[in-house]
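So you can see what is in the structure, the chains are spelled out below.
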Amino acid sequence: QVQLVESGGGLVQPGGSLRLSCAASGFTFSLYDMSWYRQAPGKERELVAAITGGGSSTNYADSIKVRFTIFRDNAKNTVYLQMNSLKPEDTAVYYCNAQYVRGPRIYWGPGAQVTVSS
């Protein structure tokens, strides 16, 4: 069965760092673009970062472009989001997404809470 499981969320002070992980199973990981989305209370879900199947290309939202890094380890079927210099505005539920661009398949993880607060 297809499964995406996020981990690494939690509470962090402003200026601190967290690394989110998304472990994938049940599909050929390297054939899927991976991305991280987030949704804050009262706001729509937004794309944070994306990475192509082979890891050769990335895209970032302007608000986090300098502070966050997405990377993947296809041997471990895992995609990561390194978050540095965190701000209270980064507080949200972060979701892992897998998409086979040439087909209709899209998978979502259940989400991980990230709270940035002093």
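The preceding data block contains the structure.
Cut-offs and rules
Residues numbered from 1 in each chain as written. Predicted model: local features only at pLDDT ≥ 70, side-chain atom pairs only at ≥ 80, totals over all residues. Heavy atoms only, no water. Helix = DSSP H or I, 4+ residues; strand = E, 2+ residues; numbered from the N terminus. Buried < 20%, exposed > 50% of the residue type's maximum accessible area, 1.4 Å probe, protein only. Contact = heavy atoms within 4.5 Å. Pairing = 2+ DSSP bridges. Axes fitted to C-alpha atoms, helices over the stretch in contact; angles between N-to-C directions. Phe/Tyr/Trp six-rings, centres within 6.5 Å; stacked < 30°, edge-to-face > 60°. Lys NZ or Arg CZ within 6 Å of the ring centre and 35° of its normal. Disulfide = S-S within 2.5 Å.

(A) The arrangement of the side chain of Ser-21 in detail. Turning to its location among the elements, Ser-21 is positioned in strand E3 (residues 18-25). Residue classification places Ser-21 among the buried positions, given a relative accessible area of 17%. Discounting residues that sit within four places of it in the chain, Ser-21 has contacts with Val-5, Glu-6, Ser-7, Trp-36, Thr-78, Val-79 and Tyr-80.

(B) Focus on the sheet that holds strand E8 (residues 78-83). Taken in spatial order, the 4 strands line up as E1-E3-E8-E7 in an open sheet, and their pairing is antiparallel. In this open sheet, the two edge strands, each paired with only one partner strand, are strand E1 (3-7) and strand E7 (68-73). Looking at each pair of strands side by side, their axes are set apart by 15° on average, direction ignored. Summarising the sheet, E1 and E3 pair through 5 bridges and their orientation is antiparallel. Considered in E3, the bridge of Ser-7 is made with Ser-21.

(C) A look at the packing of aromatic side chains. Tallied over the full model, the rule gives 8 aromatic pairs. An angle of 20° between the planes, with centres 4.8 Å apart, marks the rings of Phe-71 and Tyr-80 as stacked. Taking the relative accessible area as the measure of exposure, Phe-71 reaches 30% and is therefore partly exposed. Stacked on the ring of Phe-29, the Lys or Arg Arg-72 has its end atom at 4.3 Å from the ring centre.

(D) Main features of the state of the cysteines. Applying the stated criterion across every chain yields a total of 1 disulfide. A sulfur-sulfur separation of 2.1 Å characterises the disulfide bridge that pairs Cys-22 with Cys-96. One disulfide, between Cys-22 and Cys-96, carries an S-S torsion of -85° and so falls in the left-handed class. Within this pair, whereas Cys-22 is found in strand E3, its partner Cys-96 is found in strand E9 (residues 92-99), the two being separated by 74 residues in sequence. Both residues of the pair, Cys-22 and Cys-96, count as buried.

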